[in-house]
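# Architecture at a glance
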Amino acid sequence: MTRTRRSGRTRRLNGVTMSATLCVLCFLVSAGPAEGAIDDFLGKPVAVVRLVIEGRETVDPSLSRVVETRQGEPLTMAAVRDTITHLFSLGRFDDVRVDATVVEANRVALRYELSPIHPVTHIALAGAIGAGVDASQLRQSVVDRYGPSPPIARAAEAAALIADGLRESGYLHADVKPRVDIAHRPERATLVFTVEPGPRTTIEAIEIAGAPAEAQADLLRRLDLARGAPYRREALNARIDRYVADRRKAGYYEARLTVAAALTDADRLARLTLTAMPGPHVRVVFTGDQLTADKRAELVPIEREGSVDEDLLEDTTNAIVEHLRGLGYRDAMAPHSRTESGSELVIAFDVRRGREYRVERVEISGNPSVPLSEIAASLRLRDGEPFAEAQLDADLAAIQELYRRRGFAGARVQASEEPQPVEPRAPFVPLRVRMVVSEGVRTVVSAVHLQGNAAVAEAALKPLLGVAADRPYLETQLALDRDAIQLHYLNLGYQNVSVDANPNFSADRTRAEPIFTIREGPRIFVDHVLIVGNVRTGLETIERELQMKPGEALSEAAKIESRRRLAALGLFRRVQIAELAHGEEARRDLLVTVEEGPATTVIVGGGAEGRLRPVRSAGGVVSEQFDLAPRGSFQITRRPLFGKNRSISVFTSVSLSLKDSQVFGDAGTPIISSKFPEYRVLGTYREPRLFDTAADAFITGTIEQRIRSSFNFTRSVGGAGYARRLSSATSVTGSYQIQRTRVFDSQVKPEDEPLIDRTFSRYRLSSFSAAVLRDTRNDSADPTAGGYLSANGEIAGLAIGSEAGFVKSYLTAQLFRPVTHGGGILFAGSARVGLGFPREAVRKDEQGRNEVGADGRVIIEPVDDLPASERFFAGGDTTVRGFALDRLGSADTIKDGSPIGGNAVVIFNGELRVSVPGNAQIVGFVDSGNVFKHVGDLDLGQLRAAVGFGGRYRSPVGPIRVDIGFKVHRQPGEGAVAFHVSLGQAF
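Conventions used here
- Residues numbered from 1 in each chain as written.
- Predicted model: local features only at pLDDT ≥ 70, side-chain atom pairs only at ≥ 80, totals over all residues.
- Heavy atoms only, no water.
- Helix = DSSP H or I, 4+ residues; strand = E, 2+ residues; numbered from the N terminus.
- Rg over C-alpha atoms; globule rule 2.2 N^0.38 Å.
- Contact = heavy atoms within 4.5 Å.
- Areas by Shrake-Rupley, 256 points an atom, 1.4 Å probe, with all protein chains shown as cover.
- Phe/Tyr/Trp six-rings, centres within 6.5 Å; stacked < 30°, edge-to-face > 60°.
- Lys NZ or Arg CZ within 6 Å of the ring centre and 35° of its normal.
- Expected span 1.5 Å × (residues − 1).
- Buried < 20%, exposed > 50% of the residue type's maximum accessible area, 1.4 Å probe, protein only.
- Polar contact = N/O pair within 3.5 Å; in protein donor to acceptor, adjacent residues only side chain to side chain.
- Pairing = 2+ DSSP bridges.
- Axes fitted to C-alpha atoms, helices over the stretch in contact; angles between N-to-C directions.
- pLDDT = per-residue confidence, 0-100.
- Core = buried A, V, L, I, M, F, W, Y, C linked by side-chain atoms within 4.5 Å.
- Parallel < 35°, antiparallel > 145°, perpendicular 65-115°, else oblique.
- Left-handed = near helix turned anticlockwise from the far one by under 90°.
- Salt bridge = Lys/Arg side-chain N within 4 Å of Asp/Glu carboxyl O.

## Structural notes on the overall build of the protein chain
- Looking only at helices and strands, the protein chain has 16 helices and 49 strands in total.
- Taking 2.2 N^0.38 as the reference for a compact globule, 987 residues should give roughly 30 Å; the C-alpha atoms of the protein chain span a radius of gyration of 39 Å, well beyond that estimate.
- For the protein chain, the spread of C-alpha atoms along the three principal axes comes to 115 × 105 × 85 Å.
- In the protein chain, of all internal contacts separated by at least 6 residues, the share reaching a separation of at least 24 is 60%.
- Within the structure as shown, the protein chain displays about 49100 Å² of accessible surface, and the carbon and sulfur contribution to it stands at 53%.

## Some remarks on the packing of aromatic side chains
- In total, this model carries 10 aromatic pairs according to the counting rule given.
- Consider the rings of phenylalanine 711 and phenylalanine 873, whose centres lie 6.2 Å apart with planes at 50 degrees: the pair is tilted. Of this pair, phenylalanine 711 sits in the loop between strand E35 (695-707) and strand E36 (712-725) while phenylalanine 873 is found in the loop between strand E42 (860-862) and strand E43 (894-895), placing the two residues 162 residues apart along the sequence.
- Among the aromatic residues, those joined into a cluster by ring pairs are Phe711, Phe713 and Phe873.
- In this structure, arginine 742 packs its charged tip against the face of phenylalanine 744, placed 4.3 Å from the ring centre.

## Quick word on helix H9 (residues 310-326)
- Between its first and last C-alpha, H9 extends 24 Å over 17 residues, near the 24 Å set by a 1.5 Å rise per residue.
- Every buried residue of H9 is accounted for by Leu312, Leu313, Thr316, Thr317, Ile320, Val321, His323 and Leu324.
- Buried-residue contacts for H9 involve strand E15 (281-288), helix H7 (293-299), helix H8 (302-305), strand E16 (336-341) and strand E17 (344-351).
- Two or three places before aspartate 311, at the opening of H9, aspartate 309 has a side-chain oxygen 2.9 Å from that residue's backbone nitrogen.
- Glycine 328 sits one or two residues past H9 and shows a positive phi near 110 degrees.

## Thoughts on the environment of asparagine 491
- Topologically, asparagine 491 is positioned in helix H13 (residues 475-491).
- Residues contacting asparagine 491, with those up to four places away along its chain left out, are Ser555, Glu556 and Ala557.
- Within the structure, asparagine 491 has its side chain in polar contact with the backbone nitrogen of alanine 557 (distance 2.7 Å).

## Some words on the sheet that holds strand E14 (residues 269-277)
- Judged by pairing direction, the sheet is mixed, and its three strands sit side by side in the order E12-E14-E13 without closing on themselves. The two strands at the open ends of the sheet, each matched to only one other strand, are strand E12 (202-210) and strand E13 (256-264). For this sheet, the mean angle separating the axes of adjacent strands, direction not counted, is 20 degrees.
- Relative to the sheet, helix H6 (residues 233-249) contacts E13 and E14, its axis offset from that of E13 by approximately 160 degrees.

## Details of the sheet that holds strand E28 (residues 587-596)
- Taken together, three strands build an open sheet; the order of strands is E26-E28-E27 and the sheet is mixed. Two strands close off the open sheet at either side, each with one partner strand: strand E26 (525-532) and strand E27 (572-581). Between one strand and the next, the sheet's axes are offset by a mean angle of 20 degrees, whatever the strand orientation.
- For E27 and E28, the ladder comprises nine bridges, and the chain directions are antiparallel. What sits directly across from phenylalanine 572, in E28, is glutamate 596.
- On the sheet, helix H2 (residues 77-89) packs against E26, E27 and E28 and is oriented at approximately 40 degrees with respect to E26.
- Where helix H15 (residues 556-568) meets the sheet, it contacts E27 and E28, and its direction lies at approximately 155 degrees from that of E27.

## Things to note about the confidence of the model for the protein chain
- Considering every residue of the protein chain, the mean pLDDT works out to 87; 92% of them sit at 70 or more.
- Within the protein chain, the element-level pLDDT minimum falls on strand E2 (residues 9-13), averaging 29, and the maximum on strand E25 (residues 515-519), averaging 97.
- Here residues 663-674 is modelled with pLDDT under 50, and outside its nearest four sequence neighbours on either side it reaches 26 contacts, counting other chains as well.

## Section: the nonpolar core
- Ranked by internal contacts, the top residues of the largest apolar core, which has 25 residues, are Leu63, Leu87, Val96, Leu110, Tyr112 and Leu114.
- For this core, the secondary structure elements donating two or more residues are strand E5 (46-53), H2, strand E7 (93-103), strand E8 (107-116) and E26.
- Leucine 87 has contacts with Leu63, Val66, Phe93, Val96, Tyr112 and Leu114, leaving out every residue within four places of it along the chain.

## As for helix H4 (residues 155-168)
- Taking 1.5 Å as the rise per residue, H4 with 14 residues should run 20 Å; its terminal C-alpha atoms sit 20 Å apart, in good agreement.
- Every buried residue belonging to H4 is among Ala155, Ala158, Ala159, Leu161, Ile162, Ala163, Leu166 and Glu168, and all of these are buried.
- Where H4 terminates, the next one or two residues include glycine 170, which has phi positive at roughly 105 degrees.

## Some words on the pairing of E25
- Strand direction decides the pairing type here: strand E22 (residues 449-451) and E25, joined by three bridges, are parallel. Considered in E25, the bridge of glutamine 451 is made with threonine 517.
- Across five bridges, the pairing between strand E23 (residues 498-502) and E25 is antiparallel. If you follow valine 499 over to E25, its bridge partner there is isoleucine 518.

## Examining the packing of helix H3 (residues 135-146) against H4
- In the contact formed by H3 and H4, the axes pass within 9 Å of each other and the chain directions differ by 135 degrees. The orientation of H3 with respect to H4, classified from their angle, is oblique. Seen from above, H3 lies across H4 with right-handed handedness. Residues Leu138, Ser141, Val142, Arg145 and Tyr146 of H3 touch H4, and the partners they reach there are Glu157, Ala158, Leu161, Ile162, Gly165 and Leu166.

## Some points on the environment of arginine 65
- Here arginine 65 is to be found in the loop between helix H1 (61-64) and H2.
- Take arginine 65: its relative accessible area is 40%, and that puts it in the partly exposed class.
- Between the C-alpha atom of arginine 65 and that of alanine 155, which follows or precedes it by 90 residues, the distance is 33 Å.

## Notes on the pattern of salt bridges
- Going through the model one piece at a time under the given rule, you end up with 65 salt bridges.
- Its salt-bridge partner being arginine 232, residue glutamate 168 comes within 4.0 Å of it at the nearest N-O pair. Residue glutamate 168 is located in helix H4, and its partner arginine 232 is located in the loop between helix H5 (216-222) and H6; the two are separated by 64 residues in the primary sequence.
- You can call arginine 232 partly exposed: its relative accessible area is 36%.

This is the structure:
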């Protein structure tokens, strides 16, 4: 006879309602007529464990790995409880039941019946939606609030949200009922909302009260109001807010417009009453001493705030006074007044600077323990400079802090200001500042004691402490040391540790013997790592980034680093790591919950590029033509692929020149090139952690057509490479690529072209490259500190399929250092050197075919120049800004006004970036550099220089940059100025 005992309990864990047998097993007993007890199963070996989901047995490793009742081991209640807890923690099941059966050899067969949660994969609207209602917008409102897979338990709340959206469209009595349609294999659900919109409320009449500033018809047109239109309360309020904002921009800061609605006919009709209060026009005037226009805009926010609230006016008065007192006008005043005259309100600020006070001398006394020179070095007040109360307060705080760092915890400093006699017409009043120091008692640490540290040796804790014997006692250091000890224990797994720090002063407070009392508590270890929320991402990808494994101590630092690494993958919208306590106090499960981002990312961009391009006319004269080209781009990325953090992306961009370009053809006769399109298609496949190493691999393919300053070219490239990060700042890369390039529309006279260009209009290059870089910048787009170093080398050879052999290298060094303490002025410097060493090339005939010698082999000859697309150019917004694009060079690299490039380039840049109010910068720069035909021609004495200035605006998409550069020694035929507009810093 088979008997069953069941017991259930309901609890909430991670937002999932669970009904499970947590204390008593559910047994199916096949042992005879007598009722079996639980004890009949406990202690017997487990014969088999089955996991069953809706009648289907599963061997999913993510489930079997959390089962604690293992085959061959004795059955225990603790193992069953832990297994149920683990399965629920996965967030995939809303019910877990366990059946046990005695089988042959007195063993136990266990069966876990799992009732899966059916996640919502689709949101549907049924019923009569109603006119003027966007169904997709209603669905999106649910997604925005509850995510793409709303919890079924929140269905009623989601229905109320949709009803709110319908009310906004005028359906004030809409009825929305939710239901859930369940599907199996795979488990999923559709959340269906049945909508009964009811009658729509329309506007029956509109009444305008008060004194609107414009005709009623114009006001109703601006508010988009008319009889018979749907009554949409929130949309109307938004239009009213915009109307009031426009009035305030016009100077009517007290303008008001309110609306009241009276509903009739069972709320089918709405009678609206608009009450308009235009308020007076506000004019702000300044009397007395004047402020500059920029200071008025900065200190008086009336226009920015659109308000003349009395609190705002009081704050403005205080801001003006603080500004003037900071300039030395100690008695400055700026009271304000309000005067109404007809329809105008005048806000007047009566600015009175008073006499200017300057520091005659700063006298310090009462400081026998600290040299006067050391105190003076920390002061902001200087003899002969304007006196500012704020600077005096800062100096007093600095002196007290200086004393505290020396152990004088009770040190105090008082100051007095003594104006000196002066003639009434004197330009300023001398002020003598006296500072009197009361040092108090100096406290020195005599010894440091640790107690309660049974698990961690004192030798491991003492190096963490800043408090040490014979050093001054610092209260702040004691607190830092306490936190350091606690953090050390947390990283060792002592999650319940507490540390108390007692300074233990002597009676006269001259000595301290700090005592750190440690209550360690139990050490916590990781039992299981449970990962939930990953649908497309494989477990091994997540586990590889986790710094905590089962059996290891639960480290706080490892938990933070795990969260950082998972977020750095870029696969997840959200990452949470929680601890789950169960069973033993000293063991915790880690629940890693991830919310995956969209698998496909699409980015669309647009803009325009303007540049000066050298163009040769039919008469052979080279001039600069401004070329404007609209640009568009499209990028699509898919990740992860095949469960791992692999990605594939395709980027395309296209640009079309709006002007025809006049160039020389191959025969040397002038021709007209039609509007020339630039395009680029780049495909990239990335494989992170190649073969489970720290290196990332990538495969790329590129097809492009580009415009250079003196030629155009098309190129197709295929390549593969790897990148490995050696540290947080240092990385190495290596790659191989093969490319086919065609150069055409050259503007260089045939007799001026390098030999390789005349024979190499089409060529194949095969090369290996490697790079090492170190990046310590705090922001790659707009750095304010740190540096950047990179060294890149490339080698192309006939032995690996190239039609030209050469070696190239490019070195870059950049430095960013604040000049002032607050970082308001920044120095940025850059040095770049490029060197190319051409070796040999396959000889080609006039048709571009390889020439073959009498022995049947391809003829190879030495060459002096790199292929056109591989040569170095300079001049433009990222190199030397006094020159247009590619227009910098020596007589050998610019022929008759047309740049041909060279085998060597040197570029130096220096900038001072000064931050100004308004999220902007003013920049002054000095650039120098040149392009040389051969490496042997490189001469630093031949560098060309440019100076200039510019501005930066920090926009949400990066710094918008405007630079104007001036050539230092202009040569005949050159323009004096180059103008550049671009996005991003120059370097």
